[in-house]
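For reference, the chains in residue letters:
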Amino acid sequence: MTHPDRLAAELLHHRADDLQRGDPLPPPLVGASVFHLPGSPEADYVYGRYSTPTWQALEAQLALLEQAPCVAFPSGMAAITGVLYSMLSAGDRIVVPSDGYFTTRVFSTEFLAPMNIEVVEHPTADFANAPIDDAALVFVETPSNPGLDVCDLQLVCEKAKAAGARVVADNTTLTPLLQRPLDLGADVVVASDTKAPAGHSDLLLGHVASRDATLLEKIERWRSLSGCIPGPFEAWLAHRGIETLEVRLSRMCETALVIATRLAEHPSVQAVRYPGLPSDPSFEISRRQTHGFGFLIGVTLQDAAAADRMLGACPFVAETTSFGGVHSSGERRARWGDQVAEGFVRLSVGCEPVEPLWSAIDDALRA
Ligand SMILES: *Cc1c(COP(=O)(O)O)cnc(C)c1O
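Hey, could you run me through the site of the ligand in this one?
For the ligand, the set of nearby residues contains 13 residues, the closest of which are Met77, Asp170, Ser192, Thr194 and Lys195. At a separation of 2.6 Å, a nitrogen atom of the ligand approaches a polar side-chain atom of aspartate 170. Between the ligand and the protein, one listed contact pairs an oxygen atom with a side-chain N or O atom of serine 192 at 2.8 Å. Protein chains shield 93% of the accessible area of the ligand, which is 380 Å² for the free molecule. Counting residues per element, the shell around the ligand draws most heavily on helix H3 (residues 76-87), at 3 residues. The residue makeup of the shell around the ligand, split by class, is 4 nonpolar, 6 polar and 3 charged.

Would you take a moment to explain the sheet that holds strand E6 (residues 188-192) for this structure?
Through backbone hydrogen bonds, the strands of a sheet pair up, either in parallel or in antiparallel fashion. Spatially, 7 strands are ordered E1-E7-E6-E5-E4-E2-E3 in an open sheet, and the strand pairing comes out mixed. Strands with a single pairing partner mark the edges of an open sheet, and in this sheet they are strand E1 (70-73) and strand E3 (118-122). For this sheet the average axis-to-axis angle between neighbouring strands, irrespective of direction, equals 20°. The pairing of E1 with strand E7 (residues 206-210) spans 4 bridges and is antiparallel. Paired with alanine 72 across the bridge in E7 is histidine 207.

Could you clarify how one ought to interpret the side chain of serine 348 in this entry?
Mapped onto the elements of the fold, serine 348 is located in strand E12 (residues 344-348). Classification of serine 348 by relative accessible area gives buried; the value is 1%. A polar side-chain atom of serine 348 sits 2.9 Å from the main-chain amide nitrogen of glycine 324.

What is the right way to read the sheet that holds strand E10 (residues 318-319) from this model?
Read from one edge of the open sheet, 5 strands run E8-E9-E12-E11-E10, paired in mixed fashion. Every other strand in the sheet has two partners, leaving strand E8 (271-273) and E10 as the edge strands with one partner each. Direction of pairing for E10 relative to strand E11 (residues 329-332): parallel, over a ladder of 2 bridges. If you follow alanine 318 over to E11, its bridge partner there is serine 329.

Conventions adopted
Residues numbered from 1 in each chain as written. Predicted model: local features only at pLDDT ≥ 70, side-chain atom pairs only at ≥ 80, totals over all residues. Heavy atoms only, no water. Near = heavy atom within 4 Å. Polar contact = N/O pair within 3.5 Å; in protein donor to acceptor, adjacent residues only side chain to side chain. Areas by Shrake-Rupley, 256 points an atom, 1.4 Å probe, with all protein chains shown as cover. Helix = DSSP H or I, 4+ residues; strand = E, 2+ residues; numbered from the N terminus. Nonpolar A, V, L, I, M, F, W, Y, C, P; charged D, E, K, R; others polar. Pairing = 2+ DSSP bridges. Axes fitted to C-alpha atoms, helices over the stretch in contact; angles between N-to-C directions. Buried < 20%, exposed > 50% of the residue type's maximum accessible area, 1.4 Å probe, protein only.

Listed below in structure tokens is the structure:
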């Protein structure tokens, strides 16, 4: 398996082999919907719903990171629903995490269940014991958003394979630099590149990766026929963002460990979840399964008021949903109905230098 550092270096030069003298070093932003196409319609690019040079630059970059071919989508949910619609049919059963990204669950209940697809929910921490017999698809998310529980991906994949089910892993919370579900046996990876990969909170994008060529072709066909396609500008911006993913992630993970360690000792904090704390229930599996513990921290304060007060008082934590951007951000997840304590804050550690960030959080906790 190629070391993530090696991939991060290769990523910055992935276009080199195809460059002609005088070509631009970064990929050009091509917004064309149509391409010069006299006579036979055989060409690399024929119409903007099928393929564009700018998507292909992004997909080549993502494929390097995933070590597998990739198909880009206009958002993480577009990638997820594209996979679910491509892989499931009436009469199938799907197992989804009861504590994972809530939109995946809501989509399954509102759109898959009425199509006679049985949706079974199971908690991430116990996912290796999920009822997968007769399941067509096991959808796993580890660490789960927002609770940061993990499961043993290799074990889940072995059990699913034995039961004849395919495994789709949502790898959004860690990115392929920190966790490689395909190497652990997953059939498909889905991810929201809206988060850390694009990294600047200024676009939405997602992707699907798989080493199963037939399956990926079907997913690409879904994209062409449904018209669920990324915009070239978003793809171009995401390509630029991903060039600095490794350097941002290493800062974010390093800072997150310091902040989580200090939060765990803070008198105003009731509980801390961070997979990198040796006392955390996710630590042992994460240490074996990942190349880093990520940038998300779950912090439980006394109640909703204490959490809102802290968020309101902290100048270096943006009060916003989502995560993975250069700006640290946080939100009280119970406001969306997640099954977490009222005072639970999901903190996404950004790229601010650690000491000013910690002082701001510490001051806000004491406010
Ligand atoms: C944000 C997120 C998604 C959805 O991504 P969008 O780009 O917002 O559509 C899917 N899964 C997880 C784990 C997420 O955090």
